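# An overview of the molecular structure
Listed here are the chains, written in short residue letters.
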Amino acid sequence: MNRAFIAALESIYPPQRLLTRDVELLPYESDALTAFQTKPAAAVLPDSDDEIIATVRLCHEHAVPFVARGSGTSLSGGSLPIADGLIIGLNRLNRIKKLDPQQRIAVVEPGVINLSITEAAQPYGLYYAPDPSSQSICTIGGNIAFNSGGAHCLKYGMTSNHVLGMKVVLADGTVTQFGSESIEGVGIGPDLVGLFVGSEGLFGIALEITVRLMPQPELYRTVLAAYDDLGRAGDAVSMVVASGLLPGAMEIMDRLAIKAAEASVKAGYPDAEALLIVELEGETLQVNAEFEQLRGIIEASGAFEIRVANSEEERARIWKGRKGAFSAVGRLSPDYIVQDGVVPRSRLGEALVEIGALKEKYGLDVANVFHAGDGNLHPLILYDGRAAGALEKAEALAGEILALCVNLGGSITGEHGIGMEKRDYMPAMFSEEELDIMQALRRAIDPLEIANRGKMFPGGEAPALKQHGMHPLEKAGVISRE
Amino acid sequence: MATAIEKCVHCGFCLPACPTYSLLGEEMDSPRGRIYLMKNVLEETLSAADAQPYIDRCLGCMACVPACPSGVEYGDLLVSYRMLQERERQRPPLDALARRLVIETLPYPKRFRLAAQTGRIGKALRGALPEAFASMLNLLPEKLPSPLPAPPVLPARGELRAKVALLPGCVQQALAPEINYAAAQALAANGVEVHSPPKAGCCGSILLHVGAEQQAIELARRNFGQFPDDIDAIITTAAGCGSGIHDYELLFKDQPDADRAAAFARKVTDFSAFLSSLGMRERTGFAHERRVVYQDACHLLHAQGQQSEARALLMQIPNLRLLPIADAGMCCGSAGAYNIDQPAIAAELGRRKVASILAAEPDLVVSGNIGCITQLRQQLKSTGNPLPVRHIAEVLWEACAGSE
């Protein structure tokens, strides 16, 4: 980073918002994936759109790479700094500029925390639907970069389904508006909002985002069904989907996961090969009517035991085991690898059978806890790291499961994105032509490749990640990869 | 320390809870940032002097502890780190003098009274000294109240339900002797025999908070043996004392009287927690409705996990309406001696806290901590607002006595 560039930054920022000393930059060298650490050459903390725009233009002019960063909560290394690059910290841009309950929209700055939108909308009976598990701290800017989902994305979709428009500064300094404040504005011409959402920061920075707000559900109804066969639970999911019902959540746990949950939180679950939890939410009349239909489907699905939650306490009891299951699997094995992949939900049963076969082939245990509704699988591959060759075997199995997901028409990541973590898996999912198109698009917008350089695309100079077992937060049950 | 540092996974869940992060918006002034800096200092990849300003800016409010999913013991880490650094730290002369004044005056009611009353510091130095001194002076009231010693033993009224001793505290004795007086009366009214041991003094917490380890140990020691053995609890009426005493384990680590310190700490309970678990017997209440905001002291809420105890007591009082406020868990900026060390941040946090209190339109603010009370009074005074701020012991005594 040259002196002229720093001098130019000094003309934009007061000293306390231009960080160049080691002590100031060290805390920025990782996001929530600490396996990667890179100290940036400098960091700036803009207070306004204009400062961001001026900064990006300066980066373009001096060919200095930059990484936009909100709360630094990426679990795939998405906001890892670039050595000799600049960090643009957006967390101070945390104003909700407008909240219109009639139009059910909010206009927010990129550093606004996801949950803050819901808190602001609550007095009007509204909320912001995408709910990643880090929603109490992750920012909308990061949600846009990674098209974040959450436990309820089955019914309500991901971030891309909730962003109506945005003002952006592209990596070459162009400032423009995508989409508009109205739903009708979407769908005319190419979907540029859709292009920007999920681009992992490679196109530029969203400056002002218009999001949809939804009415809060009036009622939740929850049912737990026990099966003596995992495939049958998977089939039940297909039956629910085929019936036209759209539950807020559908979760499956297999025998090993149930065992772990019982050991950990004593949820009092039935002794079964598989448990299915289905929850409906929405307006009272509709939910009650749909619940009768759901009950019929579950009864016809071959469940040997059905429990219906008749109170908030009973609902909490059903969820307690599910929420604790992921972290509890750690009790069954000293080490394990968590895989995060997606299959089309119509092929869920098939995927589970295949995983069962792989399990036999490798002679390793695999526990399954997953968000069945949108086909997001989380096989936990159990192994003992002290045994020679066990890790390699488990890794090979994990790789095969990912390949299986892709072969079935699914995806290599459910929620965390590619970032640094899964760059090298991109060719498994996308053809050379597809990757070329992505690169061409990126270069059209960012000819110098300065925006979040080194992320998402395979290759690059950074080392591949070797992290085994669950993320410590997953162990604590705070986040999950659903 | 190593365990606490290793446990931190840099997830960022602590960020929204941290007052300095919300104010300054930079990673260095966040819990995970500070942990990272401490880690680098301990690993000798960063100089302690470089990291110091950021560690100094930590309020020690502990709001990050309950927010942490990985269970990082930030409090233990901070206290240990501060003790370690203070042993080697070189301060500029004026800072050193200000700190000396804090350490040598605050824990000793007599010296504090003398310093304040004669105006020796005030008149001679006001205006001529840096911000640290001015803010110290600002905290002093125009005139100190007369001492109001509680009787050595205040008998329980009605049936005897428990026997306790009151920890006298330090600054509080000089600034607000009416708090312990009211606490004793409120307890007695509820069937508690209250001892006020004449030779007991400062528990050392305020010194522990600023990392003055040796002085803290000496003060703490003076209290051992000053309290009767047959009491059910030692009651504190200041949040910082309670949480500091619960850190005795850390303070007395490797000390010959560690067991004694631990036994002492086990007996210590906050006034509200004690009365709430004993159950209030007297609650005549107020003649007219009082709209009350309860101000959580960080060292009760975050450090001791007491969210509901004081509220439960207040809600039992007839004609008392408890009002919720926004960001109740956010520090008011008092934080022990923080408003002396970091006056600008303390003042801004105070302004924010007062704004959220006023939004609830109360006619009384109640807190369980002298630090919060002083800070809020000062903030309210600077805006010319006459809203009274009182200690919960005073309000409960008044409510028990049925006066209005």
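## Remarks on the overall build of chain A
- Looking only at helices and strands, chain A has 16 helices and 20 strands in total.
- Overall, the C-alpha framework of chain A stretches about 70 × 60 × 40 Å when taken along its three principal axes.
- By residue count, 56% of the 482 residues in chain A fall in the buried class.
- Surface exposure of chain A reaches about 18500 Å², of which carbon and sulfur atoms provide 50%.

## Here we look at the pairing of strand S18 (residues 365–371) of chain A
Residues and elements named next belong to chain A.
- Extensive coverage of S18 is indicated by the burial of 6 of its 7 residues.
- Bridge analysis of S18 against strand S20 (residues 379–383) gives 4 bridges, and the strand direction is antiparallel. Each bridged residue has a counterpart across the sheet, and for Asp365 the counterpart in S20 is Leu382.

## Focus on the packing of aromatic side chains
Residue and element names in this part refer to chain B.
- All chains considered together, the criterion is met by 10 aromatic pairs over all chains.
- Here the aromatic rings of Phe224 and Phe252 are separated by 5.6 Å at their centres, their planes lie at 45°, and the arrangement is tilted. Here Phe224 is found in the loop between helix H14 (213–223) and strand S4 (233–236), whereas its partner Phe252 is found in the loop between helix H16 (248–251) and helix H17 (258–267), with 28 residues between them in sequence. Each member of the pair, Phe224 together with Phe252, is buried.

## Overview of the environment of Gly329(B)
Residue and element names in this part refer to chain B.
- The topology assignment puts Gly329 in the loop between strand S7 (320–323) and helix H21 (338–341).
- When its relative accessible area of 29% is taken as the criterion, Gly329 is described as partly exposed.
- The spatial distance from the C-alpha of Gly329 to the C-alpha of Asp296 is 6.6 Å, given a sequence separation of 33 residues.
- In this structure, Gly329 is in contact with Ala63, Leu301 and His302, ignoring residues within four places of it in sequence.

## Digging into the side chain of Glu29(A)
- Turning to its location among the elements, Glu29(A) is positioned in the loop between helix H2 (22–25) and strand S2 (42–44).
- There is a polar contact of 2.4 Å between the side chain of Glu29(A) and the side chain of Tyr36(B).
- Setting aside residues up to four positions removed in sequence, Glu29(A) forms contacts with Phe36(A), Gln37(A), Thr38(A), Lys39(A), Leu80(A), Pro81(A) and Tyr36(B).

## With respect to the domain arrangement of chain B
Residues and elements named next belong to chain B.
- Examined at the domain level, chain B breaks down into domain 1 (2–88) and domain 2 (282–401).
- For domain 1 versus domain 2, the distance between C-alpha centres works out to 27 Å.
- Residue-level contacts link 17 residues of domain 1 with 15 residues of domain 2.
- Carbon and sulfur atoms supply 71% of the area buried between domain 1 and domain 2, which totals about 1200 Å² over both sides.
- Broken down residue by residue, the surface that domain 1 buries against domain 2 is led by Leu23, Leu59 and Cys61, which jointly contribute 45%.
- Taken together, the connections running from domain 1 to domain 2 amount to 2 residue pairs in polar contact (both at pLDDT 80 or more).
- Top element by residues in the side of domain 1 that touches domain 2 is helix H2 (residues 19–24). It accounts for 5 residues.

## Side note on a positive patch on the surface
All names here are of chain A.
- On the surface, a cluster of positive charge is contributed by Lys266, Arg317, Lys320 and Arg331.
- Mapping Lys266 onto the fold places it in the loop between helix H9 (255–265) and strand S14 (274–282).
- Overall, the relative accessible area of 63% leaves Lys266 in the exposed class.

## Here's the deal with a nonpolar patch on the surface
Residue and element names in this part refer to chain A.
- A cluster of nonpolar residues, Leu192, Leu195, Ile437 and Leu441, forms a patch on the protein surface that exposes about 310 Å² of accessible area.
- Considering the arrangement of structural elements, one finds Leu441 in helix H15 (residues 432–445).
- Overall, the relative accessible area of 34% leaves Leu441 in the partly exposed class.

## Description of the sheet that holds strand S3 (residues 192–195) of chain B
Residues and elements named next belong to chain B.
- One open sheet holds the 5 strands; their spatial order is S1-S3-S2-S4-S5, and the pairing between them is mixed. What marks the edges here is a single partner per strand, and that holds for strand S1 (153–154) and strand S5 (268–270).
- Bridge analysis of strand S2 (residues 162–166) against S3 gives 4 bridges, and the strand direction is parallel. Residue pairing in the sheet places Ala165 in a bridge with His195 of S3.

## Let's talk about the environment of Pro109(B)
Residues and elements named next belong to chain B.
- Relative to the helices and strands, Pro109 is located in helix H8 (residues 109–118).
- Separated by 63 residues in sequence, Pro109 and Gln172 have C-alpha atoms that sit 8.2 Å apart.
- If we ignore the near neighbours within four places in the chain, the residues touching Pro109 are Gly169, Cys170, Gln173 and Ala174.

## As for the sheet that holds strand S4 (residues 86–89) of chain A
All names here are of chain A.
- Overall, mixed pairing links the 4 strands, which are arranged S1-S2-S4-S3 in an open sheet. The sheet is open, and its two edges are formed by strand S1 (18–19) and strand S3 (66–69), each paired on a single side.
- Sheet topology places S3 next to S4; 4 bridges connect them, and they run parallel. Of the residues in S4, the one forming a bridge with Phe66 is Leu86.
- Helix H3 (residues 49–62) rests against S2, S3 and S4 of the sheet, and its axis sits at about 165° to S4.

## Side note on the interface of chain B and chain A
- In this complex, chain B contributes 24 residues to the contact, which on the side of chain A involves 32 residues.
- Buried surface at the junction of chain B and chain A, both sides included, amounts to about 2100 Å², of which 63% is carbon and sulfur.
- Between chain B and chain A we count 1 salt bridge in total.
- Between Glu27(B) and Arg69(A) there is a salt bridge; the shortest N-O distance is 3.1 Å.
- For the pair chain B and chain A, the number of links is 10 residue pairs in polar contact (both at pLDDT 80 or more).
- Only H2, helix H3 (31–42) and helix H4 (48–56) of chain B provide two or more residues apiece to the side of chain B that touches chain A.
- No other element matches the 5 residues that H3(B) contributes to the side of chain B that touches chain A.
- For the side of chain B that touches chain A, a count of residues per class yields 14 nonpolar, 6 polar and 4 charged.

## Focus: the state of the cysteines
Residue and element names in this part refer to chain B.
- Tallied over the full model, the rule gives 0 disulfides over all chains.
- Of the cysteine sulfurs around Cys331, a residue in no disulfide, the closest is that of Cys298, at 3.8 Å.
- Given a relative accessible area of 3%, Cys331 falls into the buried group.

## Examining the confidence of the model for chain A
- Taken over all residues, the pLDDT of chain A has a mean of 89, while the share at 70 or more is 94%.
- Note that residues 461–468 of chain A has pLDDT below 50 and, in this model, 17 contacts with residues that lie over four places away or in other chains.

Cut-offs and rules
- Residues numbered from 1 in each chain as written.
- Chains lettered and ligands numbered in written order.
- Predicted model: local features only at pLDDT ≥ 70, side-chain atom pairs only at ≥ 80, totals over all residues.
- Heavy atoms only, no water.
- Helix = DSSP H or I, 4+ residues; strand = E, 2+ residues; numbered from the N terminus.
- Buried < 20%, exposed > 50% of the residue type's maximum accessible area, 1.4 Å probe, protein only.
- Areas by Shrake-Rupley, 256 points an atom, 1.4 Å probe, with all protein chains shown as cover.
- Pairing = 2+ DSSP bridges.
- Phe/Tyr/Trp six-rings, centres within 6.5 Å; stacked < 30°, edge-to-face > 60°.
- Contact = heavy atoms within 4.5 Å.
- Polar contact = N/O pair within 3.5 Å; in protein donor to acceptor, adjacent residues only side chain to side chain.
- Domains from an automatic or database assignment.
- Buried area = accessible area lost by both parts, 1.4 Å probe.
- Patch = residues over 30% accessible without salt bridge, like charges linked within 9 Å, V, L, I, M, F, W, Y side chains within 5 Å.
- Salt bridge = Lys/Arg side-chain N within 4 Å of Asp/Glu carboxyl O.
- Lys, Arg positive; Asp, Glu negative; His and termini not counted.
- Charge placed at Lys NZ, Arg CZ, Asp CG, Glu CD.
- Axes fitted to C-alpha atoms, helices over the stretch in contact; angles between N-to-C directions.
- Nonpolar A, V, L, I, M, F, W, Y, C, P; charged D, E, K, R; others polar.
- Disulfide = S-S within 2.5 Å.
- pLDDT = per-residue confidence, 0-100.

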